[in-house]
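Observations on the three-dimensional arrangement
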Protein chains: 2
Amino acid sequence: MSINFFDCHRAMLDRARQAIAERGYWSPFCETPSASAYGETAAANGKAAFEAHLNRVFELDQAGTIGLLGNEISPYGPALGIRYPKVDIDQLIRGMNTAGLKWKKAGPQIWTGVALEIVKRLNERCFEMAHAVMHTTGQPFMMAFQAGGPHAQDRAVEAIAYAWEETRRVPAQALWEKPQGKHDPLRMQKSYRITPRGIGLVIGCCTFPTWNSYPGLFANLATGNTAIVKPHPHAILPLAITVQIARTVIAEAGYDPNVVTLVAHEAGDDLAAELSLRPEVKLIDFTGSAANGNWLESNATQAQVFTEKSGVNQIIIDSTDDFKGMVNNIAVSLALYSGQMCTTPQNIFIPREGIESAEGHVSFDDVVAAIVKAVAKVTSDPAKAVELLGAIQNDAIINRMAAAREIGQVLLDSKALEHPQFPAAKVLTPLLVKAPDNKPVTEEFFGPISFVIATADTAESIALARKSVQEQGALSLSAYTCRADVKEALCEAAADACVALSLNMTGSVLVNQSAAFSDYHGTGANPAANAALTDSAFVSGRFRVAQTREPA
Amino acid sequence: MSINFFDCHRAMLDRARQAIAERGYWSPFCETPSASAYGETAAANGKAAFEAHLNRVFELDQAGTIGLLGNEISPYGPALGIRYPKVDIDQLIRGMNTAGLKWKKAGPQIWTGVALEIVKRLNERCFEMAHAVMHTTGQPFMMAFQAGGPHAQDRAVEAIAYAWEETRRVPAQALWEKPQGKHDPLRMQKSYRITPRGIGLVIGCCTFPTWNSYPGLFANLATGNTAIVKPHPHAILPLAITVQIARTVIAEAGYDPNVVTLVAHEAGDDLAAELSLRPEVKLIDFTGSAANGNWLESNATQAQVFTEKSGVNQIIIDSTDDFKGMVNNIAVSLALYSGQMCTTPQNIFIPREGIESAEGHVSFDDVVAAIVKAVAKVTSDPAKAVELLGAIQNDAIINRMAAAREIGQVLLDSKALEHPQFPAAKVLTPLLVKAPDNKPVTEEFFGPISFVIATADTAESIALARKSVQEQGALSLSAYTCRADVKEALCEAAADACVALSLNMTGSVLVNQSAAFSDYHGTGANPAANAALTDSAFVSGRFRVAQTREPA
């Protein structure tokens with residue numbers, strides 16, 4: 001008899017349900033790569049497990065395999081040399097449809113239990129995953145461990161908890177008894193079956209392959225759908241490991257592992273578009289460019305499409321009672337993973353007359369100089385800096401930096417650092433450019449690129465930021481103010497443009513960060529994303545209810 | 001100070017929440033037009049109120065009024081002569097955007113309270129509404145009272161309860177406190193604001209203008225959106241009354257009544273398409289043809305689109321222990337409102353070798369003869385028959401009947417009846433045609449038109465019905481069987497094609513009927529509809545959450 005994974009993880013599920021209702025801090029996982037949490041040998045074993053993948057065929061034994069492909073190169077230098085299954089889409093989908101026949105009847109407890117067990121196994125392989133994420137995305141190791149491991153797993157558990165919350169609300173049975181005055185009541189026995197939609201396609205990105213893909217993947221599994229995971233050609237390994245673990249657990253639970261498959265592909269082919277328009281694909285979760293996301297929203301009308309696209313994030317500086325905390329926080333925000341985060345601020349609005357601080361008035365130039373100095377400082381020591389910056393994921397970022405320099409005066413130029421362990425790594429410090437006054441840079445400059453914009457006053461900063469959010473979209477809006485009226489205006493503008501607002505971030509929490517169970521990532525109501533991680537809307541359309549009634 | 005409508009209706013809301021969780025029978029309203037429930041003078045007053053609308057301008061005083069239009073003709077004969085505001089869309093939307101500014105900040109308690117108060121006022125005008133529905137749709141009076149009044153109001157309360165269930169789950173505030181080992185925890189204060197999407201467009205139909213429109217309308221209001229109600233040109237009055245009541249309550253609550261507007265229009269113009277593509281329209285609820293619904297799903301990609309379209313409903317007859325009950329139930333199902341229901345069965349599958357019954361084997365011909373006889377019987381006395389049949393809504397139905405006769409042998413021809421009170425009413429009894437063996441009629445024949453199809457056996461009946469549901473869609477599937485294995489196969493086929501299954505309906509409950517709080521109307525997973533009335537998915541995407549966080 002197979003293990004009842006649902007009972008195994010019931011306590012975690014219930015705690016997760018409490019967390020999403022209260023939205024305070026909680027995580028079922030340890031976010032630090034500590035021996036006490038993960039075991040004395042975990043670090044070494046994880047590294048070895050990662051290295052064992054290199055220059056080998058990644059075995060998945062899934063339906064429709066017709067060859068091999070894969071050409072990942074670590075942003076830290078070496079080619080990974082891993083070959084993944086190349087699939088025939090027709091054969092794959094036939095295999096998945098067969099797998100789905102039994103899986104879709106398993107019901108919410110099985111789906112939820114299996115999904116949670118997959119997450120638990122992923123957690124056990126955090127170190128292996130950290131290296132896989134690091135050497136595909138260019139993230140520094142600590143970030144790759146956290147964002148690629150426990151934080152991504154948090155997002156998975158969150159999605160599973162939301163899915164359970166929705167499926168459990170549909171009763172399996174009901175007795176409908178309608179009074180008929182003096183006559184006997186009408187009585188109907190009814191039953192309700194949760195019916196998944198079909199195949200869910202999860203399209204990953206090359207910077208956060210697990211964190212951004214897990215919500216959709218696990219929401220699909222927890223509602224009985226089958227799932228195709230399509231990684232970015234630059235970042236296949238983290239999702240290949242994920243799919244491998246998922247298939248193992250599904251098989252252990254007594255189901256056909258083709259419930260979850262990997263579709264790796266070559267850069268530049270049109271496989272993602274082809275898959276997205278397949279009639280069997282009823283759900284699409286996408287992370288990537290605005291162009292591709294908008295295309296999916298407009299064209300894949302046979303599916304429900306959940307997108308996180310690009311945005312232009314903003315910082316508004318009005319006033320602060322902790323000037324040093326502010327500039328340090330901003331500096332780390334800009335430097336973290338070389339700005340290769342969908343939440344990294346791009347435009348920094350500062351009134352041209354300067355700002356008020358606890359130490360008195362600070363001129364525009366002095367605010368800028370302080371930020372420049374702080375950025376320079378956190379990136380001055382290469383050995384420390386690389387642990388913050390990571391490596392540049394791809395060359396498009398380098399081209400974008402050249403374009404950014406044309407926009408205005410370079411306040412702080414980017415410089416190349418040598419990575420002490422990985423001499424071939426492309427490591428670049430942030431570039432800071434002064435854009436023309438009152439003109440936020442409306443195009444997204446993804447990468448270590450930010451712009452300072454002088455405005456007439458904070459009211460203008462807010463107006464420009466709001467407009468930019470409404471027109472280009474944003475995943476984060478950060479602001480610094482000590483004034484109640486400005487705070488009120490910021491809250492109104494943020495609610496109006498529907499963007500998450502972070503106020504007065506002067507400590508170690510960064511605007512870039514989004515905590516599962518508490519922070520909604522994206523709102524779904526500005527052009528940066530049509531969905532939020534995670535809310536009811538993210539899960540409730542992933543299944544339907546088939547009802548039967550008969551006289552009782 | 002304005003009345004706290006939320007507190008007034010809190011008990012009803014909580015009871016409705018219980019009802020949607022348990023899905024047994026419940027209604028807050030009396031479904032019979034009784035003096036004890038509605039008052040001694042309600043019937044006369046309601047009739048007078050309806051008659052007072054005739055040959056007059058319907059006053060709404062809403063934004064963007066630039067003229068008058070309207071050309072409704074009662075299916076019972078007389079032209080209604082009611083003139084409604086003709087609106088300029090740009091002006092209207094400007095007015096609604098202004099109204100939305102305050103409304104969207106009101107929050108879930110206000111939205112929910114106002115929505116419930118509107119429903120309560122609608123209930124007080126049930127008799128007026130019954131006449132309005134009767135004389136636009138052609139429904140018989142009792143059905144117009146029930147389906148147009150309390151049953152539609154039930155669906156409204158259901159949608160409001162679902163919306164409240166979703167909005168209340170987002171806390172207004174949270175303290176996020178993350179442990180930092182020996183150091184002080186990180187502490188962030190967070191707030192979450194429910195943010196509506198914008199304008200919701202509700203597109204009504206000419207057969208159930210209130211019942212089909214209320215879920216979308218009230219789901220929109222209860223989540224803080226503004227709403228444009230666009231009635232079918234044949235059935236404006238029921239929704240005009242609804243909008244008038246809504247505007248009155250909204251104004252009493254202290255908000256701009258342009259939160260809800262009516263956009264009446266002439267048949268044949270392209271106003272519905274124009275409105276549907278407006279960027280301000282973020283939600284669309286549609287009831288109508290497959291062609292128009294599919295067009296919206298594919299083209300109105302700026303909005304979330306919820307559709308109920310046409311379908312081809314089925315009855316599968318395998319065996320029965322109540323032959324008389326079965327044929328009578330089927331006869332009433334086919335005759336009710338002249339088959340002008342989205343749930344009326346169209347194809348009746350019967351094994352050509354006949355069926356088993358409590359009285360022994362019944363041949364195919366005898367089953368058909370019994371159904372024919374039962375239909376003839378329930379429509380034999382014109383005075384009684386008109387209270388079941390109502391009147392034909394429009395001439396397209398008559399043309400369709402002519403086409404249906406070409407498909408096969410006419411088993412029971414339709415005949416015209418004279419309505420005792422309304423000599424100009426077009427009253428037609430059901431037409432029953434024998435389609436070629438094994439060939440369900442895949443095109444929808446909306447109206448009093450059904451087909452009998454002989455099959456090799458029940459397994460073939462199930463296979464044909466399943467295929468038809470998957471390809472053409474269906475809102476109802478009815479089946480009669482005494483065999484456990486057949487029941488199991490039916491349940492599997494229905495779940496697989498995701499259609500609501502009604503088994504062994506031999507009493508007074510009809511497959512046509514869908515009870516709020518208990519029956520999901522539509523599944524959203526076959527071509528007849530992309531949404532269900534009502535589930536979480538129907539409401540959860542109608543709002544987003546704007547979050548603010550700052551160090552605590």
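Here's what I pulled together on the structure shown here.

1. Some points on the packing of helix α8 (residues 141-148) of chain A against helix α9 (residues 150-167) of chain A
Residue and element names in this part refer to chain A. Axis separation between α8 and α9 bottoms out at 3 Å; the angle between their running directions is 15°. In terms of axis orientation, α8 runs roughly parallel to α9. Contacts between α8 and α9 involve Phe145, Gln146, Ala147 and Gly148 on the former and, on the latter, Pro150, His151 and Ala152. Per-class residue counts for the contact of α8 with α9 are four nonpolar, three polar and no charged.

2. Points about the relation of the copies chain A and chain B
For the pair chain A and chain B, the superposition axis carries a translation of 0.0 Å, the fit reaches an RMSD of 0.0 Å, and the rotation angle comes to 180°. On the angle and the small slide along the axis, the relation comes out as a two-fold axis. Of the C-alpha atoms belonging to chain A, the one lying closest to the rotation axis is found on Ala537 of chain A, 3.2 Å away. Most of the interface of chain A is mirrored in chain B, where 100% of its interface residues again form contacts.

3. Some details on the interface of chain A and chain B
Taken residue by residue, the interface counts 74 residues in chain A and 74 residues in chain B. Taken over both partners, the interface formed by chain A and chain B buries close to 5700 Å², and the fraction arising from carbon and sulfur atoms is 48%. Contact with chain B buries surface across chain A, with Tyr25, Arg544 and Arg549 of chain A losing the most and accounting together for 13% of the total. On inspection of chain A and its partner chain B, the count reaches 18 salt bridges. Where chain A packs against chain B, one counts 49 residue pairs in polar contact (both at pLDDT 80 or more). The greatest single-element share of the side of chain A that touches chain B, amounting to eight residues, is contributed by strand β22 (residues 543-551) of chain A. Residue classes in the side of chain A that touches chain B are distributed as 33 nonpolar, 19 polar and 22 charged. Two elements, β22 of chain A and strand β21 (residues 501-503) of chain B, share two bridges in a ladder whose sense is parallel. Residue pairing across strands places Arg549 of chain A opposite Ser502 of chain B, the latter belonging to β21 of chain B.

4. Describing unusual backbone geometry
All names here are of chain A. Cis rather than trans, the peptide bond between Leu533 and Thr534 has omega equal to -15°. Tracing the chain through its elements places Thr534 in the loop between β21 (501-503) and α20 (536-540). Of note, the phi angle at Arg23 is positive, near 60°, even though the residue is not glycine. Note on placement: Arg23 falls in the loop between α2 (10-22) and α3 (35-38). Its identity is not glycine, yet Tyr337 carries a phi of approximately 50°, on the positive side.

Conventions adopted
- Just so you know, the residues in each chain are numbered from 1, in the order the chain's sequence is written.
- Throughout, the order in which chains and ligands are written sets their labels, letters from A for the former and numbers from 1 for the latter.
- For this predicted model, a pLDDT threshold of at least 70 governs which residues receive local features, and a threshold of 80 or more governs which side-chain atom pairs are given and counted, while totals over whole chains, interfaces and linings are taken from all residues.
- For the side-chain quantities, the full set of heavy atoms in the structure was used; hydrogens and water were omitted.
- Note on method: axes are straight lines fitted to C-alpha atoms, helices fitted across the in-contact stretch only, with angles between N-to-C directions ranging 0 to 180 degrees.
- Strands are runs of DSSP state E lasting at least 2 residues, helices are runs of H or I lasting at least 4, and numbering of each runs from the N terminus.
- These descriptions rest on fixed angle ranges, namely under 35 degrees for roughly parallel, over 145 for roughly antiparallel, 65 to 115 for roughly perpendicular, and the rest for oblique.
- Contacts are assigned to residue pairs with any non-hydrogen atoms lying within 4.5 Å of each other.
- Each residue is assigned to one of three groups, with Ala, Val, Leu, Ile, Met, Phe, Trp, Tyr, Cys and Pro labelled nonpolar, Asp, Glu, Lys and Arg labelled charged, and all others, Gly among them, labelled polar.
- Overlaid copies result from least-squares superposition on C-alpha atoms, with residues included only where pLDDT is at least 70 in both.
- Using a 1.4 Å probe, buried area is obtained as the accessible area two parts lose upon being combined, added over both of them.
- Throughout this description, the term salt bridge denotes a Lys or Arg side-chain nitrogen within 4 Å of a carboxyl oxygen of Asp or Glu.
- Whenever a nitrogen or oxygen atom comes within 3.5 Å of another N or O atom, the pair is scored as a polar contact, on the condition that within protein one atom can donate a hydrogen and the other can accept it, and that pairs from neighbouring residues in sequence are kept only if both atoms are in side chains.
- Two strands are said to pair when DSSP picks up at least two bridges between them.

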